[in-house]
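Residue-level listing of the chains:
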Amino acid sequence: MTETPQRPLRVLAAMSGGVDSAVAAARAAEAGHDVTGVHLALSANPQSFRTGARGCCTIEDSRDARRAADVIGIPFYVWDLAERFREDVVEDFVAEYEAGRTPNPCLRCNEKIKFAALLDKALALGFDAVCTGHYATVVLNDDGTRELHRASDMAKDQSYVLGVLDEKQLAHAMFPLGDTLTTKDEIRAEAERRGLAVAKKPDSHDICFIADGDTQGFLANRLGRAEGDIVDEAGAKLGTHEGAYGFTIGQRKGLRIGHPAPDGKPRYVLDISPVDNTVTVGPAEALDVDALTAIKPRWCGAPPAGPGTYTAQLRAHGGETEVTAELVDGAELRVSFGEPVRGVAPGQAIVLYDGTRVVGSATIATTRRATASV
């Protein structure tokens, strides 16, 4: 059954400055909970973060969150978590790209900031739960255990980026938007009815700590430019690049290869080798993988026992695919796909589902090609 608390809770509402978190806080307050709003200051220099309401870390966002809290009628604070964010999210992001992997900073932020640093501080201050504007659902079972499920509206489901939450964290998580079948337009209309000025504010996109959206430029400033070779599957040099960290598996644009492939078809990034600073490109079919291993598993409940059949999601906005997965020695998840999937990159998260229930997540370490092209 969906959790329906029997008593009012002391709730800390994380308010990003966007419409979803504002409506979530308003719904929690309307439900009778004792709600306090908090905006997370995640940059020591907020002016360096993106403006124009495209992120969730700007001075404008902080002001929007405060105004929303005033309208709702709840106390509001700004908490400085900039140093923790820099260490756990930004530096992790840079290190992952430097190692040739493709991280998901939003997932890491949920794990390390919103449901670790924030939740720990909230519990220490006597709050019962942290409320966010994520679209997902927490279900309370008859035996007292909790499960994380997809949102009622699959079009807005955000359970993928919450797959890092364990059962203890789920016990203190509240997602007021997750179990209502409403479109984003209806959420905006609700915000307008409530008098919230963020009703028409654009959704955040991209990576909040990259001010201009130029990931490659951001990484170049942090890691320096390092010229290397772009090669084909046979090792023949096709061109050069200014840093292997600037590429992701499956990338097609921006390769700057001087001459076309013999068959005239587009080429894609197949492999990134930080050791020799080489980027390997090839045909689209060489991106197909039929198995992978993943590490650092986190379970939304008890770990699975033995091999099982699940569906898996590999990207925040990707679809589901059928897999067989088994946890080996409690540390490595081995996954086989029913049908080959394309463009899976080490560093990405794989999230397993049993129906709508989130089983858990892990970080992709290696993949196995579905073809023997190399």
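Note that this is a predicted model, so its numbers are computed, not measured.

Digging into empty space enclosed by the protein
Move 1: On inspection of all chains with the given rule, the structure shows one cavity of 30 Å³ or more.
Move 2: Every residue along the wall of the largest cavity is listed here: Asn104, Leu107, Arg108, Gly347, Gln348, Ala349 and Thr363.
Move 3: Its residues placed into classes, the lining of the largest cavity shows two nonpolar, four polar and one charged.

Description of the sheet that holds strand E7 (residues 173-174)
Move 1: The five strands lie next to each other as E3-E2-E1-E4-E7, forming an open sheet whose pairing is parallel. If you trace the sheet from one side to the other, it starts and ends with strand E3 (76-80) and E7, each paired once.
Move 2: In terms of strand pairing, strand E2 (residues 34-41) meets E3 through five bridges, oriented parallel. The residue bridging leucine 40 from the neighbouring strand is tryptophan 79, located in E3.
Move 3: Here helix H2 (residues 59-72) sits on the sheet in contact with E2 and E3, set at roughly 150° to E3.

Comments concerning helix H1 (residues 19-30)
Move 1: The terminal C-alpha atoms of H1 lie 16 Å apart, and with twelve residues this matches the ideal 16 Å at 1.5 Å per residue to within 8%.
Move 2: Judged by how many residues are buried, H1 sits mostly within the fold: ten of twelve residues are covered.
Move 3: Buried within H1 are the following residues: Val19, Asp20, Ser21, Ala22, Val23, Ala24, Ala25, Ala26, Arg27 and Ala28.
Move 4: Each element contacted by the buried residues of H1 is listed here: strand E1 (10-14), E2, H2, strand E4 (129-131), E7 and helix H6 (184-193).
Move 5: Phi turns positive, to about 100°, at glycine 32, one or two residues after H1.

Focus on the packing of helix H3 (residues 82-98) against helix H4 (residues 105-124)
Move 1: Packing of H3 against H4 brings their axes to within 10 Å, and their N-to-C directions diverge by 160°. Regarding the angle of H3 to H4, the classification is roughly antiparallel. For the pair H3 and H4, the crossing hand works out as right-handed. The segment H3 lies against H4, with Arg84, Phe85, Asp88, Val89, Asp92 and Phe93 engaging Pro105, Arg108, Cys109, Lys112, Ile113, Ala116 and Ala117.
Move 2: When its residues are assigned to classes, the contact of H3 with H4 shows eight nonpolar, no polar and five charged.

So, the nonpolar core
Move 1: The biggest cluster of nonpolar side chains holds 46 residues, and the ones touching the most others in it are Phe85, Phe93, Phe175 and Phe209.
Move 2: Every element with two or more residues in this core is listed here: E1, E2, H3, H4, strand E5 (136-140), helix H7 (215-223) and strand E16 (349-354).
Move 3: Of the residues forming this core, the biggest block, seven residues, is contributed by H4.

Quick notes on the UniProt feature "binding site: ATP" (unreviewed entry) in the chain
Move 1: What UniProt calls "binding site: ATP" (unreviewed entry) maps, in this numbering, to Ala14, Met15, Ser16, Gly17, Gly18, Val19, Asp20, Ser21, Leu40 and Gly133.
Move 2: A polar contact is formed between the side chain of serine 16 and the backbone nitrogen of glycine 18, at a distance of 3.2 Å.
Move 3: In this fold, glycine 133 is placed in the loop between E4 and E5.
Move 4: Once you skip the residues sitting within four places of it in the chain, glycine 133 turns out to touch Asp20, Ser21, Ala24, Gln158 and Leu177.

Side note on the side chain of lysine 184
Move 1: Along the chain, lysine 184 falls in helix H6.
Move 2: There is a polar contact of 3.3 Å between the side chain of lysine 184 and the side chain of aspartate 20.
Move 3: Leave out the neighbours within four places in its chain, and lysine 184 touches Val19, Asp20, Tyr135, Lys156 and Asp203.

Definitions and cut-offs
- Residues numbered from 1 in each chain as written.
- Predicted model: local features only at pLDDT ≥ 70, side-chain atom pairs only at ≥ 80, totals over all residues.
- Heavy atoms only, no water.
- 1 Å grid on protein atoms, 1.4 Å probe; cavity = no way out; pocket = protein on both sides within 12 Å on 5 of 7 lines; lining within 4 Å.
- Points joined across faces, edges and corners; volume = space filled by probe spheres on them.
- Nonpolar A, V, L, I, M, F, W, Y, C, P; charged D, E, K, R; others polar.
- Pairing = 2+ DSSP bridges.
- Helix = DSSP H or I, 4+ residues; strand = E, 2+ residues; numbered from the N terminus.
- Contact = heavy atoms within 4.5 Å.
- Axes fitted to C-alpha atoms, helices over the stretch in contact; angles between N-to-C directions.
- Expected span 1.5 Å × (residues − 1).
- Buried < 20%, exposed > 50% of the residue type's maximum accessible area, 1.4 Å probe, protein only.
- Parallel < 35°, antiparallel > 145°, perpendicular 65-115°, else oblique.
- Left-handed = near helix turned anticlockwise from the far one by under 90°.
- Core = buried A, V, L, I, M, F, W, Y, C linked by side-chain atoms within 4.5 Å.
- UniProt positions renumbered as here; feature names shortened; annotations may be inferred.
- Polar contact = N/O pair within 3.5 Å; in protein donor to acceptor, adjacent residues only side chain to side chain.

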